[in-house]
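# Observations on the three-dimensional arrangement
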Amino acid sequence: MFARRLSKELKDLALNAPAGVNIIDANDFKVWKLGLAGAPGTLYEGEKFQLEFNFGPNYPLESPQVLFIGDNVPVHPHIYSNGHICLDVLYNHWSPVQTVASICLSLQSMLSSCTSKEPPPDNATYVKTARANPKHTTWAFHDDTV
C-alpha cells in the first residue's frame with residue numbers, strides 16, 4: 001500500500017509542488033530529501049532548508065520521520081539544532097490523509113508565523129539527550145503561537 005501511495009505523492013510533487021518546495025532526492029520509497037524555501041515577507045525569506053523524510057512500512061497509517069538536515073537548520077522556537085521538529089501533525093495529530101506536500105506546507109506555515117528567530121529554550125539539553133529518531137520523543141505541545 002505504501003509504495004503505491006508514495007508513488008502517487010512523488011508524481012504529484014514533481015508536477016505540482018507547493019511554492020518553495022522542491023525534490024532533491026527521491027529515488028526510493030524509504031528516504032526522500034526535499035528543499036524548503038522561506039516564504040517571501042517572513043523572517044526566513046530567501047533562506048533555503050533541506051528536509052529528510054524517512055518512511056516506514058506502515059506509511060501513511062503512521063507518520064514519516066521528518067527532520068531538517070544539512071548546515072542550515074532553521075533557528076526557530078520549535079526546531080532543535082539537531083533538526084528535530086516539535087510539530088503535532090508529525091506525531092500525535094498525524095492523519096493518513098496528510099501527505100508530504102501537506103507536511104511541507106505545515107512547516108512553511110510554522111516558519112512564516114514566527115516573529116523571532118530563537119532556538120527552543122531547552123535546545124542544549126534536548127540535543128544532548130535526544131534519540132536520533134524524534135518519533136521516540138514525548139513532545140509537549142503547548143504553544144501554537146509560533
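Looking at an unreviewed UniProt entry, one finds the protein named Ubiquitin-conjugating enzyme E2 W and attributed to Linnemannia exigua.

Following the criterion strictly, the structure yields seven aromatic pairs and no others. Geometrically, the ring pair formed by Tyr 80 and Tyr 126 is tilted, given 4.3 Å between the ring centres and 40° between the ring planes. Residue Tyr 80 is found in the loop between β4 (65-69) and α2 (100-112), and its partner Tyr 126 is found in helix α3 (residues 123-129); the two are separated by 46 residues along the sequence. On the accessibility criterion, Tyr 80 (7% relative accessible area) is buried. When its relative accessible area of 10% is taken as the criterion, Tyr 126 is described as buried. Ring-pair connections join several aromatic residues into one group, and the members of that group are Trp 32, Phe 53, Phe 55, Tyr 59 and Trp 94.

Looking now at the side chain of Asn 123. With respect to the helices, strands and loops of the structure, Asn 123 is situated in helix α3. When its relative accessible area of 14% is taken as the criterion, Asn 123 is described as buried. Within the structure, the side chain of Asn 123 is placed 2.9 Å from the backbone nitrogen of Ser 81, a separation counted as a polar contact. With residues near it in sequence (within four places) discarded, Asn 123 still touches Tyr 80 and Ser 81.

Let us look at unusual backbone geometry. At the junction of Tyr 59 and Pro 60, the peptide bond is cis and its omega measures out at 10° in the coordinates. Along the polypeptide, Pro 60 turns up in the loop between β3 (48-54) and β4.

Most often, soluble globular proteins keep nonpolar side chains buried together rather than apart. Membership of the largest hydrophobic core comes to 34 residues, with the highest contact counts inside it found for Leu 51, Phe 53, Phe 68, Ile 85, Val 100 and Leu 107. At the level of elements, α1 (2-16), β2 (31-37), β3, β4 and α2 are the ones that each hand at least two residues to this core. Among the elements that make up this core, the one with the highest residue count is α2 (six residues). Excluding residues within four positions of it along the chain, Phe 68 makes contact with Leu 36, Phe 49, Gln 50, Leu 51, Val 73, Pro 74, Ile 79, Asn 82, Gly 83, Ile 85 and Leu 107.

Moving on, we get to the pairing of strand β1 (residues 21-25). In this sheet, β2 lies alongside β1 in antiparallel orientation, the contact comprising four bridges. Paired with Ile 23 across the two strands is Leu 34, which belongs to β2. Joining the antiparallel neighbours β1 and β2 is a turn of five residues.

Right, let's get into the side chain of His 76. Residue position: His 76 is located in the loop between β4 and α2. Polar contacts involving the side chain of His 76 include one to the main-chain amide nitrogen of His 78, which spans 2.9 Å.

Right, let's get into α1. For α1, built from 15 residues, the straight-helix expectation of 21 Å at 1.5 Å per residue is met to within 8% by its first-to-last C-alpha distance of 20 Å. Every buried residue belonging to α1 is among Arg 5, Leu 6, Glu 9 and Leu 13, and all of these are buried. Buried positions in α1, seen along its axis, are confined to an arc of 95° and lie on one side of it. Among the exposed residues of α1, those pointing more than 90 degrees away from its buried face are Arg 4, Lys 8, Lys 11, Ala 14 and Leu 15. The secondary structure elements touched by the buried residues of α1 are β1, β2 and α2.

Definitions and cut-offs
Residues numbered from 1 in each chain as written. Predicted model: local features only at pLDDT ≥ 70, side-chain atom pairs only at ≥ 80, totals over all residues. Heavy atoms only, no water. Phe/Tyr/Trp six-rings, centres within 6.5 Å; stacked < 30°, edge-to-face > 60°. Helix = DSSP H or I, 4+ residues; strand = E, 2+ residues; numbered from the N terminus. Buried < 20%, exposed > 50% of the residue type's maximum accessible area, 1.4 Å probe, protein only. Polar contact = N/O pair within 3.5 Å; in protein donor to acceptor, adjacent residues only side chain to side chain. Contact = heavy atoms within 4.5 Å. Core = buried A, V, L, I, M, F, W, Y, C linked by side-chain atoms within 4.5 Å. Pairing = 2+ DSSP bridges. Expected span 1.5 Å × (residues − 1). Arc of directions from axis to C-beta.

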